[in-house]
Amino acid sequence: MPSEGYTYLCRSEVLEEGVPRRFEAEGVPVTLVLAEKQVFAIHDVCSHSAVSLSEGEVAGCTVECWLHGSRFDLRTGAPLDPPATRPVPVYPVQIEDGRVYVHGVPRSRR
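Whenever I open this one, the overall build of the protein chain confuses me. Can you help?
Broken down by element type, the protein chain carries zero helices and 10 strands. Relative to the globule expectation of 13 Å for 110 residues, the C-alpha radius of gyration of the protein chain, 13 Å, shows essentially globular dimensions. Summarising its shape, the C-alpha atoms of the protein chain cover approximately 40 × 35 × 20 Å along the three principal directions. Counting the 110 residues in the protein chain, one finds 45% classified as buried. Taking all contacts inside the protein chain whose residues are at least 6 apart in sequence as the whole, residues at least 24 apart take part in 41%. Carbon and sulfur atoms make up 48% of the accessible area of the protein chain, which amounts to about 6,100 Å² in all.

Laid out in structure tokens, this is it:
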């Protein structure tokens with residue numbers, strides 16, 4: 001069982017190397033990416049244009065926004081290219097028994 005505050009998202013076998021996948025945790029969109037043999041969780045919404053990062057391209061430990069080309073570091077959420085200037089939240093990942101959990105996702109306001 002994962003530590004307190006973790007939310008289950010999926011089985012690890014549904015993730016493919018370099019292919020972003022969108023999930024929802026507590027109503028918040030999260031992109032999971034298997035990159036360089038690690039699973040990363042990043043907020044699914046670009047900080048520049050409010051479009052889905054799960055529709056972007058992955059290269060190494062970065063994901064590129066499909067709309068304007070800003071790249072974000074999957075480890076830190078930091079923008080690496082303009083036009084984005086603000087980071088995107090990243091979430092700690094825990095994998096137990098083939099299940100992927102993320103931590104610290106804020107509850108959505110409905």
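Help me out: how do you make sense of the sheet that holds strand E1 (residues 6-11) in this one?
Across a sheet, strands are paired by hydrogen bonds formed along the backbone, either parallel or antiparallel in direction. An order of E1-E10-E9 is seen for the three strands of this open sheet, with the pairing classed as antiparallel. Two strands lie at the open edges of the sheet, namely E1 and strand E9 (93-96), each paired on one side alone. Strand-to-strand, the axes of this sheet are offset by a mean angle of 30°, without reference to chain direction. In this structure, E1 lies alongside strand E10 (residues 99-103), joined through five bridges in antiparallel fashion. Along E10, the bridge assignment pairs Tyr 6 with His 103.

Sorry if this is basic, but what is going on with the pairing of E10 here?
On a regular strand, one side chain projects to one face of the sheet and the next to the other, so that they alternate. Strand direction decides the pairing type here: E9 and E10, joined by four bridges, are antiparallel. From the neighbouring strand, Glu 96 faces E10, where its bridge partner is Arg 99. Taking the residues between adjacent antiparallel strands as the criterion, E9 and E10 are bridged by two residues, where Asp 97 takes a positive phi near 50°.

Looking at this model, I keep getting lost on the pattern of salt bridges. Mind explaining?
In a structure, side chains of opposite charge can pair up when their charged atoms sit close to one another. Scanning the model with the defined rule gives five salt bridges in all. As a salt-bridge pair, Glu 24 and Arg 22 come within 3.5 Å of each other at their nearest N and O atoms. Take Glu 24: its relative accessible area is 46%, and that puts it in the partly exposed class. Asp 81 is the partner of Arg 71 in a salt bridge, and the nearest nitrogen-oxygen pair spans 2.4 Å. Taken as a pair, Arg 71 in strand E7 (residues 71-73) and Asp 81 in the loop between E7 and strand E8 (90-91) lie far apart in primary sequence, 10 residues in all.

Conventions adopted
- Residues numbered from 1 in each chain as written.
- Predicted model: local features only at pLDDT ≥ 70, side-chain atom pairs only at ≥ 80, totals over all residues.
- Heavy atoms only, no water.
- Helix = DSSP H or I, 4+ residues; strand = E, 2+ residues; numbered from the N terminus.
- Rg over C-alpha atoms; globule rule 2.2 N^0.38 Å.
- Buried < 20%, exposed > 50% of the residue type's maximum accessible area, 1.4 Å probe, protein only.
- Contact = heavy atoms within 4.5 Å.
- Areas by Shrake-Rupley, 256 points an atom, 1.4 Å probe, with all protein chains shown as cover.
- Pairing = 2+ DSSP bridges.
- Axes fitted to C-alpha atoms, helices over the stretch in contact; angles between N-to-C directions.
- Salt bridge = Lys/Arg side-chain N within 4 Å of Asp/Glu carboxyl O.

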